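Fold and geometry: a report
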Amino acid sequence: MASNATIASLGSAVLQQKVSGTISDGTQVISGATITVKGSTVATSSDVNGKFSIDAKNGDTLVIKSLGFENQEIIVAGSTVSVTLQASYATLDEIVVTGYSTQKKGNITASIATISPEKLKDVTTPNVSGMLQGKVAGVDVVSGSGQPGSGATIRIRGRNSISSGTDPLWVVDGIIMHGTPNINPNDIESMSVLKDAAATTQYGSRGTNGVIVVTTKRASKNGESQITVNLKTGSSNFNQGKFKLMDSQDIWDYYKQFKNQQAIPNNVTEDVLKNNYNWLDNATQTGVVNDHSLTYLGKTEKTSIYSGVNYFKDKGAIKGFDYQRLSGRLNIDHKMSSRLTFKPKVNVTYSSTENQQHSLYDAFLNMPWDKPYDENGKIIDPQKSGVSWYGRDKRNYLNDLQYNYSKGNVFDIQSNMDFSYRISDAFTFESMNSLTYYNNRTMSYTDPKSNAGLSDVGRIYDFSDNRITRFFNQMLKYQQNFGKHDVSGFVAYEYSDYNYSSLSATGKGITPGTEILGNASSPREIGGTKNEYSFQSGILQGTYSYDSRYNFQASYRLDGSSRFGADRRYGSFYSGSAAWNIHNESFFNVKAIDFLRLKASYGLVGNVPSSLYASYDIFKLDGQYNGTPAAYADVLENPNLSWEKSKDSNIGLEIGLFNRVTFNADYYYKNTDGLLYFVQLPSTAGYRGYWDNIGAIRNKGIEFAVGVDVFSKESPFQWHVDFNISSNNNRIKELKDGLEQPAGNKRYAEGRDIDSYYMRKWAGVDAANGDPLWYKKDAKTGEETTTNSYNAATLQFVGTSTPKYQGGFASSMRYKNFSLNASFSYLKGAYAYNMGREYFDADGAYPTYNQVKLINGWSRWTPENTNATHPAPNYNGGNNSNKTSSRYLEDASFLRLRNVTLGYQLPTTVAERLKLKNLNVFVSGDNLWISTKFSALDPEAALQGDAISQYPAPKRFTVGVNVSF
């Protein structure tokens, strides 16, 4: 193998000598590399400064290995060596966390994607869910809101259920979490996404929607001791997209187009043009964001420590909302003996919000003819007599906002007391024991002087809830090598439970300024709840590998859930998978191909109902009869309710070419039957409804991921490109009695996508008179004709919010000490219902609401412009043109520049003179550009969040420095 080492001879010797040197990649030193004298057992490793010393004599061969780099062999010709290792783009020896165990990448038989920490840190966010967008094929990540602290919605390989949960399971350091974990993204060492049944069966029913496995940082190299400071600060700006509101002149011109001019109130005269207030500008700001971290890594022969603290503060792009979070983590691995290792961990997070946020909805609807402040800068209250106000309901939202607000804080602690005991070289006992505590408190203050508080003479609302979860997993692991045979596996017992309680109360009649509930003169309402559930499981998994060519894995899990009745409480889940490393066959000799792997899997996984007591008769106790407490029926029992089950198949191909290109492809087919669904009963039944297993869904799809080193590793300019794309096809195969089920503006029907819209179909504008048109379908022939009667139009399927395909791509460039990285995400073929247009593009139906400016390609009907997209407007509407129809169903496809970062790393020699290990400075931008046809603020937010006044992902600019000592 070619060597890139420089040998410096200090004299010839034939006797044993100390050979010392430094190992680097040309820019940074490499710690933890192993150096072995070939043909002997003499070995050592490089320290934190990349230095090593080993006994060898001239003529010996040193073999240097480090994860992520090409192995190198050097012939000793003196007492010092300087070694530069070349990065190995894709190594099958990389260790991947696959759930409860780890495997070499080249032995994995399931569909598992891994994301390095470098690829996770390109965006500034306190929430780990938003870090995955566009980075993994088959993982749909959509941000529902740009509000500080908000998370994202994640779907792995489509939506598999109607009523049960569809979010993936999160696992942090082996512990199953309740929802998205509240952890500092800077603490993450690696993240693995488990996508098929072969990977998720080990988590049983909770892994049916995929699993995201997070491994937090820990020191792994003896002698390592490092302090790292990461400081970032920046600004967040409101991302308005194509959404533009009318100004005073625009509204005046719009009024002039009303066909019924006589209906316009007499007070609307040209005097309205004297005011031209921009309510949206008043509601938005350049918000400041700060993200500061301090971490320590250290390891001795017995103890490994990682500790980190993080402070995150974001004021957002909309005024009045302040989010702060302080988090800390401590991971310790301590060897009590050669067999026993304790692994305690604790993660603590405290977050707070101060919410006096301006309402986007109000900022949209308020007329530019109205100004919120008088000549003295005092907020105007239109409710008072003698105040001229054109906007609807004579309401200035700033009047109440100056008085009313809310506050909240969350305390979240996750603690582990784990340990492992090495029974023998083959057997190890692992014990994972976790306790989490979550407490949330919210206070809402409504001032007596505000219009909202007048009737009650002010209000105070207090809400608090807490959650305690316990998790215990006791596991016996086995791993043994018999020549060409590698055998491993584990058997485990697992138990977890969840306890939740909440309490709320509202008091009325308060003294202005008090935030104490007890100061209210009388109670207004009280509330509270309590619930709990538990799981217990037995798990068995075995893996076998022969000669690094043939790999097999089988898993079985018996799950028990308190959500089901005694006869259906336990469900069995299983999987089997295999992989063939063709490149290790003796007959395979293609120099251009570094590796070639085929893999296949099949398995059965399950799901539980979202209701914690779905199998049982439920009675409510908050009723009364003649002043006496009373119970009344709510949910009818179904003792035969059973698990939702998914049968999942996957085949995959992995190829490495020229030591510069990797290609992965997967095809999956997933059938889910026994769908859990809440069946509504008529009001005369006495019960609201019951849970039942009613149908089946099929998901199938294909995923591709490509990684390319554009230039050879010897080039001074390095450029790496990643690209992924996936497509999921979803169909409902069966419903109860074949009957369609309504779901708001959507509808569940056999043969349809689960997210299919169901509404009247827009036919455009009648060129003759400017009336709106819809389609009417003949029930017998299916022939479509147009009608200007909304009620006569036919309700029908008109599209879906499921994308045809989606993915992301990234570019990483490096020249000497400079780096330029960019990441993009995209989505194609999904439709979002732009409900805001019902109010703000309403053809006169809401004449006292501000309206959107028509974007390119839109026009309003006039006698001179008969080929228009918008009907002729009428004051107060009357023609139903703004009612729910496919008119407002818009293509939400987009291509978004998620992040671009320019960095500079101080040369190692300069850093060493400054007593630093590393120093990196960077500038970064998030969400700087988007290409979309969607007419509102943000297509992502509309797909998963607020469909009326979306809080868009902000444009964010940050500068930062990362220093290691």
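Residues numbered from 1 in each chain as written. Predicted model: local features only at pLDDT ≥ 70, side-chain atom pairs only at ≥ 80, totals over all residues. Heavy atoms only, no water.

Going by what an unreviewed UniProt entry lists, the chain is known as SusC/RagA family TonB-linked outer membrane protein and is assigned to Rhinopithecimicrobium faecis. The Subcellular location (unreviewed entry) comment attached to the chain in UniProt states, word for word, "Cell outer membrane". In the Sequence similarities (unreviewed entry) part of its UniProt record, the chain is described as follows: "Belongs to the TonB-dependent receptor family." (UniProt positions renumbered as here; feature names shortened; annotations may be inferred.)

Attention now moves to the overall build of the chain. Of the regular secondary structure elements, the chain holds nine helices and 52 strands. Here the C-alpha radius of gyration of the chain, 32 Å, is about what a compact globule of 965 residues would show, namely 30 Å. Each principal axis of the C-alpha atoms in the chain carries an extent, and together these give about 110 × 65 × 65 Å. Considering the chain as a whole, with its 965 residues, one finds that 51% of them fall into the buried category. The contacts of the chain with a sequence gap of at least 6 include a subset with a gap of at least 24, amounting to 69%. Of the accessible surface of the chain, which amounts to about 42300 Å², a share of 53% is contributed by carbon and sulfur atoms. (Helix = DSSP H or I, 4+ residues; strand = E, 2+ residues; numbered from the N terminus. Rg over C-alpha atoms; globule rule 2.2 N^0.38 Å. Buried < 20%, exposed > 50% of the residue type's maximum accessible area, 1.4 Å probe, protein only. Contact = heavy atoms within 4.5 Å. Areas by Shrake-Rupley, 256 points an atom, 1.4 Å probe, with all protein chains shown as cover.)

Turning our eyes to something else, we now look at the pairing of strand β31 (residues 618–625). Sparse coverage of β31 is indicated by the burial of zero of its eight residues. In the sheet, β31 pairs with strand β32 (residues 628–636) via six bridges, with the strands oriented antiparallel. When the bridges of β32 are listed, Lys620 appears paired with Tyr632. The loop that links β31 with its antiparallel partner β32 comprises two residues; one of these, Asn626, has a positive phi angle of about 55°. (Pairing = 2+ DSSP bridges.)

So, about the UniProt feature "domain: TonB-dependent receptor-like beta-barrel" (unreviewed entry) in the chain. In the numbering adopted here, UniProt assigns the feature "domain: TonB-dependent receptor-like beta-barrel" (unreviewed entry) to residues 354–928. Taken end to end, residues 354–928 comprises 4% helix and 56% strand; its first and last C-alpha atoms sit 27 Å apart.

For the coordinates displayed, the defined rule picks out eight cavities of 30 Å³ or more. Approximately 320 Å³ is the volume attributed to the largest cavity. In terms of lining, the largest cavity is formed by 25 residues, of which the most central are Thr124, Thr125, Ser143, Ser150 and Arg956. Among the elements of the structure, β20 (303–314), β50 (894–905) and β51 (918–932) are those that each provide at least two residues to the lining of the largest cavity. Class assignment for the residues of the lining of the largest cavity results in seven nonpolar, 12 polar and six charged. (1 Å grid on protein atoms, 1.4 Å probe; cavity = no way out; pocket = protein on both sides within 12 Å on 5 of 7 lines; lining within 4 Å. Points joined across faces, edges and corners; volume = space filled by probe spheres on them. Nonpolar A, V, L, I, M, F, W, Y, C, P; charged D, E, K, R; others polar.)

Peptide bonds are mostly trans, and most non-glycine residues show a negative phi. Phi at Arg157 takes a positive value of approximately 55°, unusual for a residue other than glycine. Mapping Arg157 onto the fold places it in the loop between β13 (152–156) and β14 (169–172). In the Ramachandran plot, Asn880 falls in the positive-phi region, its phi being about 65° despite a non-glycine side chain. Positionally, Asn880 belongs in the loop between α7 (837–840) and β49 (889–891). Looking at Asn880, the relative accessible area reads 28%, which means it is partly exposed.

What follows is about the UniProt feature "domain: TonB-dependent receptor plug" (unreviewed entry) in the chain. When the UniProt feature table is mapped onto this chain, "domain: TonB-dependent receptor plug" (unreviewed entry) is found at residues 106–211. Annotated as 8% helix and 26% strand, the span residues 106–211 places its first and last C-alpha atoms 21 Å apart.

Turning our attention to the confidence of the model for the chain. In this model, the chain carries a mean pLDDT of 89, and residues with pLDDT of at least 70 account for 96%. Confidence drops under a pLDDT of 50 for residues 1–14, and excluding neighbours within four residues, the segment shows 29 contacts in the predicted structure. (pLDDT = per-residue confidence, 0-100.)

The subject of this paragraph is the pairing of strand β21 (residues 321–335). Side chains on a regular strand alternate between the two faces of the sheet. With 12 bridges joining them, β20 and β21 adopt antiparallel strand pairing. Residue Asp314 lies in a different strand from β21, and its bridge partner there is Tyr323. Turn length for the β20-β21 hairpin, with the two strands adjacent in sequence and antiparallel, is six residues, and the turn residue Gly316 shows positive phi of about 75°. In terms of strand pairing, β21 meets strand β22 (residues 340–355) through 13 bridges, oriented antiparallel. Across the sheet, residue Leu326 finds its bridge partner in β22, namely Tyr350. The hairpin turn running from β21 into β22, its antiparallel successor, is four residues long.

Moving on to the side chain of Thr901. Relative to the helices and strands, Thr901 resides in strand β50. Using a relative accessible area of 15% as the deciding quantity, one classes Thr901 as buried. Within polar-contact distance, the side chain of Thr901 engages the side chain of Asn899 at 2.8 Å. Side-chain polar atoms of Thr901 contact the side chain of Ser924, separated by 3.1 Å. In contact with Thr901, other than residues within four places in its own chain, are Asp122, Ser819, Leu820, Asn821, Phe922, Val923 and Ser924. (Polar contact = N/O pair within 3.5 Å; in protein donor to acceptor, adjacent residues only side chain to side chain.)

Through backbone hydrogen bonds, the strands of a sheet pair up, either in parallel or in antiparallel fashion. The strand order across the open sheet built from four strands is β4-β3-β6-β7, with neighbouring strands paired in antiparallel fashion. Edge positions in the sheet fall to β4 (43–45) and β7 (72–75), since each has one partner strand and no second. Recorded for the sheet is a direction-independent mean angle of 20° between the axes of neighbouring strands. (Axes fitted to C-alpha atoms, helices over the stretch in contact; angles between N-to-C directions.)

Read across the open sheet, the four strands follow the order β31-β32-β36-β35; overall the sheet is mixed. The outermost strands of the open sheet, each flanked by one partner alone, are β31 and β35 (676–680). In this sheet, adjacent strand axes meet at a mean angle of 30° when their direction is disregarded.

One pass over the structure, following the stated rule, counts 48 aromatic pairs. Seen in terms of ring centroids, Trp774 and Tyr790 are 5.3 Å apart; in terms of plane orientation they differ by 75°. Their pairing is edge-to-face. Of the two residues, Trp774 sits in strand β43 (residues 772–777) while Tyr790 sits in the loop between β44 (784–787) and β45 (795–800), which places them 16 residues apart along the sequence. On the numbers, 6.2 Å between centres and 50° between planes, the contact of Tyr839 with Phe840 is tilted. Judged on exposure class, the residue Tyr839 and its partner Phe840 are both buried. Each member of the aromatic cluster is reached from another via a ring pair, and the members are Phe243, Tyr361, Phe364, Tyr839, Phe840, Tyr846 and Tyr849. Lying across the ring of Tyr790, Arg760 places its NZ or CZ 4.2 Å from the centre. (Phe/Tyr/Trp six-rings, centres within 6.5 Å; stacked < 30°, edge-to-face > 60°. Lys NZ or Arg CZ within 6 Å of the ring centre and 35° of its normal.)

With that settled, consider the nonpolar core. Tyr100, Leu132, Trp170, Met191 and Tyr203 are the most contacted members of the largest nonpolar core, which totals 43 residues. What Leu132 contacts, discounting residues up to four positions off in sequence, is Ile115, Leu120, Val141, Ile154, Trp170, Met191 and Ile212. Of all hydrophobic cores here, the second largest spans 24 residues; its members include Leu365, Ile380, Tyr397 and Leu937. (Core = buried A, V, L, I, M, F, W, Y, C linked by side-chain atoms within 4.5 Å.)

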